[in-house]
Amino acid sequence: MVRIALLQMTSGIDPDENARSISDAVHEASDGGAGMLFTPEMSGLLDRDRKRAAANISAEAQTPALDATRNAAAKAGMWVALGSLAVDTGDGRWANRAFVVAPDGSIAARYDKIHMFDVDLSTGESWRESNAYAAGDQVVTVEDTPLGRLGLTVCYDIRFPALFEALAQRRCDAIAVPAAFTVPTGEAHWHVLQRARAIEASAFVVAAAQVGEHADGRRTYGHSLVVDPWGEVMLDMGGERSGIAFADLDMARIAEVRRQVPSLENRRQIPS
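What you see is a predicted model, and the numbers here were worked out from it, not measured in a lab.

Novice: Can you explain helix 1 (residues 15-31)? Please cite residues and give values.
Specialist: With 17 residues, helix 1 extends 25 Å from end C-alpha to end C-alpha; this agrees with the ideal 24 Å at 1.5 Å per step. All of the buried residues along helix 1 are Pro15, Asn18, Ala19, Ile22, Ser23, Ala25, Val26 and Ala29. Seen along its axis, helix 1 keeps its buried residues to an arc of 160°; they face one direction. In this structure, helix 1 carries Arg20, Asp24 and Asp31 as exposed residues pointing more than 90 degrees from its buried face. Buried residues along helix 1 sit in contact with strand 1 (2-8), strand 2 (36-38), helix 3 (64-76), strand 3 (79-88) and strand 16 (243-249). Among the residues of helix 1, the N-terminal cap falls to Asp14, whose side-chain oxygen and the backbone nitrogen of Asp16 are separated by 3.0 Å.

This is the structure in structure tokens:
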């Protein structure tokens, strides 16, 4: 059994305050016996006012949330999947970048979100992530985490099965899906998409999410989830408040499910 912790956040526009929340969560997770903590997309800063946000988005080495997480992870001796941070790439664009921090505080992996959230919702909400962020182009996994081989994705990536197919082909034991889902899309699709991806990959899905009313005026769906390889929801943190929750994962469940439904072995090349 492996115990993990999820941090459901209501990140705001103050990077230092968000960094303190993550650092506190690392120690709370460690005290609770977790081997790894998962945080949401945009853990370090959630600000849709891009002019204001620009003053608080730094190069990776100067990002408060990353520095705080690395220090806290090293002090606690635990793994942290830092959902994602806005990072200045130095070429006029930002990256929506996920990190995995090892127990010694080193960065074990980085993943830049591939799929940009460019949509107009029926509620009148309009989002153009690609106006400010450069899309990533690499599939990323990290070995030897407490959950075995961990695949990295971010939020909107959940809607693109090809990425999860690539992670399944790499035999990921778990896939992280940190998110800041809108309420309308969350109510419609959040649970079914997370369960589908877990079933398709025969892997655990760990989806730490943003929740509630944020300082920039947006509202996010919450419902941080852990889904097992059979598609069963093991943990749902609800859509009301931030905080920490724990889940105990039986890693033997992966092999059991893959024996019952060997879809990874049964896949065939589909003619174009």
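Novice: Can you break down the nonpolar core residue by residue, with the values?
Specialist: Ile4, Leu6, Met36, Phe38, Leu147 and Leu150 are the most contacted members of the largest nonpolar core, which has 53 residues in total. With residues near it in sequence (within four places) discarded, Leu150 still touches Met36, Phe38, Val100, Val140, Thr141, Val142, Thr145, Cys172, Ala174, Ile175 and Ala176. Formed by 24 residues, the second largest nonpolar core is a distinct cluster that contains Ala5, Leu37, Leu82 and Val101.

Novice: I'd love a proper account of the pattern of salt bridges, names of residues and values included.
Specialist: Here the structure, examined in full by the defined rule, presents 15 salt bridges. In this structure, the salt-bridge partner of Glu129 is Lys113, at a minimum N-O distance of 3.0 Å. Of this pair, Glu129 sits in the loop between strand 7 (126-128) and strand 8 (141-145) while Lys113 sits in the loop between strand 5 (107-112) and strand 6 (118-120), placing them 16 residues apart in sequence. Residue classification places Glu129 among the buried positions, given a relative accessible area of 8%. You can call Lys113 buried: its relative accessible area is 2%. Here Arg253 and Glu256 are joined by a salt bridge, their closest N and O atoms 3.1 Å apart. On the criterion of helical spacing, the pair formed by Arg253 and Glu256 is a turn pair, its members being three residues apart in helix 6 (residues 252-260). On the basis of relative accessible area, Glu256 is assigned to the partly exposed category, the value being 33%.

Novice: How would you sum up the sheet that holds strand 10 (residues 174-176)? Please name residues and give values.
Specialist: The strand order 8-9-10-11-14-15 describes an open sheet built from six strands, whose pairing is mixed. With one partner strand each, in any of the chains shown, strand 8 and strand 15 (233-236) form the two edges of the open sheet. Across this sheet, the average inter-strand angle for adjacent strands is 20°, counted without regard to direction. Bridge count for strand 8 against strand 9 (residues 148-152) is three bridges, and the pairing is antiparallel. Bridged to Val142 within strand 9 is Leu150.

Novice: Can you tell me about the packing of helix 1 against helix 3, naming the residues and giving the values?
Specialist: With their axes 8 Å apart at the nearest point, helix 1 and helix 3 run at an angle of 20° to one another. Here helix 3 runs roughly parallel to helix 1, going by the angle between their axes. Between helix 1 and helix 3 lies a crossing whose hand is right-handed. In this structure, helix 1 contributes Pro15, Asp16, Ala19, Ile22, Ser23, Val26, His27 and Ser30 to the contact, and helix 3 contributes Pro64, Ala65, Ala68, Thr69, Ala72, Ala73, Lys75 and Ala76.

Novice: Could you give me a rundown of the pairing of strand 11 (residues 204-207), with the residues and numbers involved?
Specialist: Residue alternation in strand 11 divides its side chains into two sets, Phe204 and Val206 and Val205 and Ala207, and both sets are buried. For strand 10 and strand 11, the ladder comprises three bridges, and the chain directions are parallel. Each residue of the ladder has a partner; that of Ala176, found in strand 11, is Val206. Taken together, strand 10, helix 5 (residues 183-201) and strand 11 constitute a β-α-β crossover, and its handedness is right-handed. In this structure, strand 11 lies alongside strand 14 (residues 225-227), joined through three bridges in antiparallel fashion. Its bridge partner lying in strand 14, Val205 is registered against Val227.

Novice: If you had to explain the sheet that holds strand 1 to someone new, which residues and values would you point to?
Specialist: Here we have six strands laid out as an open sheet, ordered 5-4-3-2-1-16, and mixed in their pairing. Edge positions in the sheet fall to strand 5 and strand 16, since each of these pairs with one other strand and no more. Averaged over all pairs of adjacent strands, the angle between their axes in this sheet comes to 30°, without regard to strand direction. With three bridges joining them, strand 1 and strand 2 adopt parallel strand pairing.

The rules behind the values
- The residue count restarts for each chain, going from 1 along the sequence in the order it is written.
- Local features are withheld for residues below a pLDDT of 70 in this predicted model, meaning they are given only at 70 or higher, and side-chain atom pairs are given and counted only at 80 or more; totals for whole chains, interfaces and linings count all residues.
- In computing side-chain values, all of the structure's heavy atoms are included and hydrogens and water are not.
- To qualify as a helix, a DSSP run of H or I must reach at least 4 residues; to qualify as a strand, a run of E must reach at least 2; elements of each kind are numbered from the N terminus.
- What a helix is expected to span follows from its residue count: subtract one and scale by 1.5 Å.
- Exposure categories follow from relative accessible area, calculated using a 1.4 Å probe and restricted to protein chains: below 20% of the type maximum is buried, above 50% is exposed, and the middle band is partly exposed.
- What the arc covers is the set of directions going from the helix axis to the C-beta atoms.
- Residue contacts are defined here by distance: any two heavy atoms, one from each residue, within 4.5 Å place the two residues in contact.
- In the analysis that follows, any N or O atom pair within 3.5 Å is treated as a polar contact, provided that within protein one partner can donate a hydrogen and the other can accept it, and provided that, for residues neighboring in sequence, both atoms belong to side chains.
- Residues enter a nonpolar core if they are buried and are Ala, Val, Leu, Ile, Met, Phe, Trp, Tyr or Cys, with the set joined through side-chain atoms within 4.5 Å.
- By definition, a salt bridge exists where a carboxyl oxygen of Asp or Glu is found within 4 Å of a side-chain nitrogen of Lys or Arg.
- Pairs of strands are assigned from DSSP output, requiring at least two bridges between the strands.
- Axes, fitted as lines to C-alpha atoms, cover a helix only where it is in contact. Angles between the N-to-C directions of the axes lie from 0 to 180 degrees.
- Any angle between 65 and 115 degrees counts as roughly perpendicular, while under 35 counts as roughly parallel, over 145 as roughly antiparallel, and the rest as oblique.
- Left-handed describes a crossing whose near helix is turned anticlockwise from the far helix by less than a right angle; the clockwise case is right-handed.
- Crossovers are marked right-handed if the path from the first strand over the helix to the second runs clockwise, as seen with the strands pointing away from the viewer.

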